[in-house]
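Read off the chains here:
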Amino acid sequence: MEKDILKIMISEEEIQKKVKEIGQRITEDYKGRDLLVVGILKGCMLFLSDLVKEIKLPLTMDFMVVSSYGSATKSSGVVRIIKDLEREIQDKDVLIIEDIVDTGLTLSYLMENLKTRNPRSVKVCSLLDKPDRRKAAVDIEYVGFTIPDEFVVGYGLDYSEVYRNLPFVCVLKPEVYMK
Ligand code: 5GP
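S.K.: Quick question: what am I supposed to make of the sheet that holds strand S9 (residues 169-172) here?
M.R.: Paired through backbone hydrogen bonds, the strands of a sheet run either parallel or antiparallel to each other. Spatial ordering of the open sheet is given by S1-S9-S8, a layout of three strands whose pairing is antiparallel. Each edge of the open sheet is held by one strand with a lone partner, namely strand S1 (5-10) and strand S8 (152-153). In terms of strand pairing, S8 meets S9 through two bridges, oriented antiparallel. Directly across from Val153, in S9, lies its bridge partner Cys170.

S.K.: Where do I start with the sheet that holds strand S5 (residues 93-101) in this structure?
M.R.: Read across the sheet, six strands follow the order S4-S3-S2-S5-S6-S7 without closing on themselves; strand pairing throughout is mixed. One side of each edge strand has no neighbouring strand; the edge strands of this open sheet are strand S4 (79-83) and strand S7 (142-146). On average, each strand axis in the sheet is tilted by 30° relative to the strand beside it, whichever way the strands run. Examined bridge by bridge, strand S3 (residues 60-68) and S4 share four bridges and lie antiparallel to one another. Opposite Ser68, over in S4, you have Val79 as the bridge partner. Each of strand S2 (35-41), S3, S4, S5 and strand S6 (121-129) touches helix H3 (residues 105-115); the most contacted strand, S5, lies at about 165° to it.

S.K.: It is not clear to me how the state of the cysteines should be interpreted in this structure. Could you clarify?
M.R.: What we call a disulfide is simply a covalent bond connecting the sulfur atoms of a pair of cysteines. Going through the model one piece at a time under the given rule, you end up with zero disulfides. The thiol of Cys44 is unpaired, and the distance to the nearest cysteine sulfur, on Cys125, comes to 10 Å. A residue is classified by how much of its surface remains accessible, and Cys125, at 0% relative accessible area, is buried.

Calculation rules
Residues numbered from 1 in each chain as written. Predicted model: local features only at pLDDT ≥ 70, side-chain atom pairs only at ≥ 80, totals over all residues. Heavy atoms only, no water. Pairing = 2+ DSSP bridges. Helix = DSSP H or I, 4+ residues; strand = E, 2+ residues; numbered from the N terminus. Axes fitted to C-alpha atoms, helices over the stretch in contact; angles between N-to-C directions. Contact = heavy atoms within 4.5 Å. Disulfide = S-S within 2.5 Å. Buried < 20%, exposed > 50% of the residue type's maximum accessible area, 1.4 Å probe, protein only.

Next comes the structure, spelled out in structure tokens:
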């Protein structure tokens, strides 16, 4: 995998520091609330598992798998729910955990969908924010890093299902996409 990396954009140390900061903010903000962390698989995996350890509150977790129709690197905005939540979310304080918000189409669809289920609140926490290509306005309460319009992998993010286990966020060499 190392030979495929063009540059590291966000190091493991930077990520871990940021995860602690966000965890502290969430701990403050959700005191006394009924926090339900909703992870959007698979991209959220590494971020969510590190983040929940830094939230010093009782919480529950549930997961969704969604698929956005389109090519590997472009989102189309048409979202299909492959795996829905296991429990109802009525009166819960839902915090969606995402790996990256790019066009915002996936997230705006998800937020609308979850809001119809009468939660007490729905907020978003995303490791990465790529605002340059935004098509749907989404309010992201907790953002790890704002990044330029480059396709990144690592720390949960994939290219063709590979590279998710890298502990940092990086850009791949162009030739990787030509294979
Ligand atoms: P959106 O609907 O906001 O355009 O895109 C959401 C999804 O597109 C993300 O959850 C992620 O799966 C994928 N995506 C967008 N940008 C990137 C990127 O730079 N790298 C990777 N690996 N996936 C991305």
